[in-house]
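For reference, the chains in residue letters:
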Amino acid sequence: MQVKTTILSLPTEEFVHPGTRACTGCGLAIAYRVGLKALGKDTMLVVPPSCLTVLQGLFPVASTALSGAAERGDNFIYFCYDNEGYMNTGAQRSGTTPIGAITANTPFKGKLQQKKDVPAIMAAHKLSYVAACSAAYPLDLFDKIKNCMHLPGTKYFHIHIPCPPGWGYDPRYGIKIGRLAVETGYYDLYEIVNGEFKLTAASEKLVEKRKLVPVQEYFRTQSRFRLLTDAQIADIQQKIDEKWAGYYNKDE
Ligand code: SF4
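About the criteria used
- Note that residues are indexed from 1 along each chain, following the sequence as it is written.
- Residue-level local features of this predicted model are given only where pLDDT is at least 70; pairs of side-chain atoms are given and counted only at 80 or more, and the full residue set underlies all totals for whole chains, interfaces and linings.
- For the side-chain quantities, the full set of heavy atoms in the structure was used; hydrogens and water were omitted.
- Angles here are taken between N-to-C directions and fall from 0 to 180 degrees, while the axes themselves are lines fitted to C-alpha atoms, restricted in helices to the stretch in contact.
- The secondary structure listing takes helices from DSSP runs of H or I that are at least 4 residues long and strands from runs of E that are at least 2 residues long, numbered from the N terminus.
- Here the word oblique covers every angle except those under 35 degrees (roughly parallel), over 145 (roughly antiparallel) and from 65 to 115 (roughly perpendicular).
- Every residue pair with non-hydrogen atoms within 4.5 Å of one another is taken to be in contact.
- Just so you know the grouping, Ala, Val, Leu, Ile, Met, Phe, Trp, Tyr, Cys and Pro go in nonpolar, Asp, Glu, Lys and Arg go in charged, and all remaining residues, Gly too, go in polar.
- Residues grouped as a nonpolar core are buried Ala, Val, Leu, Ile, Met, Phe, Trp, Tyr and Cys residues, joined through side-chain atoms within 4.5 Å.
- Categorising residues by exposure relies on relative accessible area from a 1.4 Å probe, with only protein chains included: less than 20% of the type maximum marks a residue as buried, more than 50% marks it as exposed, and the intermediate range marks it as partly exposed.

(A) Summary view of the packing of helix 7 (residues 201-209) against helix 9 (residues 230-251). Where helix 7 contacts helix 9, the axes come no closer than 10 Å and their chain directions differ by 75 degrees. In terms of axis orientation, helix 7 runs roughly perpendicular to helix 9. Across the interface between the two elements, S203, L206 and V207 of helix 7 pack against W244, Y247, Y248 and D251 of helix 9. Taken together, the residues of the contact of helix 7 with helix 9 break down into 5 nonpolar, 1 polar and 1 charged.

And the structure:
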């Protein structure tokens, strides 16, 4: 069994200079810093248009066509950091904005559509490795990067990134909110290695505990969810419970 990285065994070498031009409290800075520690110094970055471009690279020098490259099986690791909106341009709704979230262009009822399941779309490409991570669990991210580097073809990472201005919370609560997303079963940490699905880290522990924090606790931490009705929350809770019943059944 692979030894889990702890905060004490995390490499001390830094690949990101001190300071950041991201917003105060942005989860991206954590995922970026720890992810680069796992990748090491012989790494080439390609950055599509996003908040990360304020730190690294600009279109069209640093852009991608992800599905085509994955279908060809090009050998690279793709990190999709999911702040659940077009935050770099003023917090508009995107395909991964969750249902009910208020954004700059869904101001009155929140987003009406479900969040797009991008890791599932990438898994449909039959990749050797797909992972769902969170900036609130950087050691899980580190270990997953290390685990997948020897695998062939395209490897895909989806990283949940709490975003203070886009989600509407005090920057100091980013990690707490990222953890709540996992503890409520709303966002799951997992990896799919050559088609084999496995929950990881705090999500794996939730299967043992069989006790989720009510999703309402997550919603009440962010002003973007202030228009969610009780009926909508009950519907989302039901979907989470059904998903987790599936996880519990697999475990039996
Ligand atoms: S807008 Fe959000 S994701 Fe972008 S840098 Fe600011 S906090 Fe980070």
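(B) Highlighting the nonpolar core. Y156, Y186, Y218, F219 and W244 are the most contacted members of the largest nonpolar core, which has 43 residues in total. Among the elements that line this core, the one with the most residues is helix 9, at 6 residues. Non-local contacts of Y186, meaning those with residues more than four positions away in its chain, are made with P98, A181, V215, Y218, F219, F225, I236, I240 and K243. Within the second largest apolar cluster, 25 residues are counted, among which are L10, A22, L28 and L39.

(C) Up close: the environment of K126. Topologically, K126 is positioned in the loop between helix 3 (118-123) and strand 2 (129-134). Separated by 56 residues in the primary sequence, K126 and A70 place their C-alpha atoms 8.8 Å from one another.

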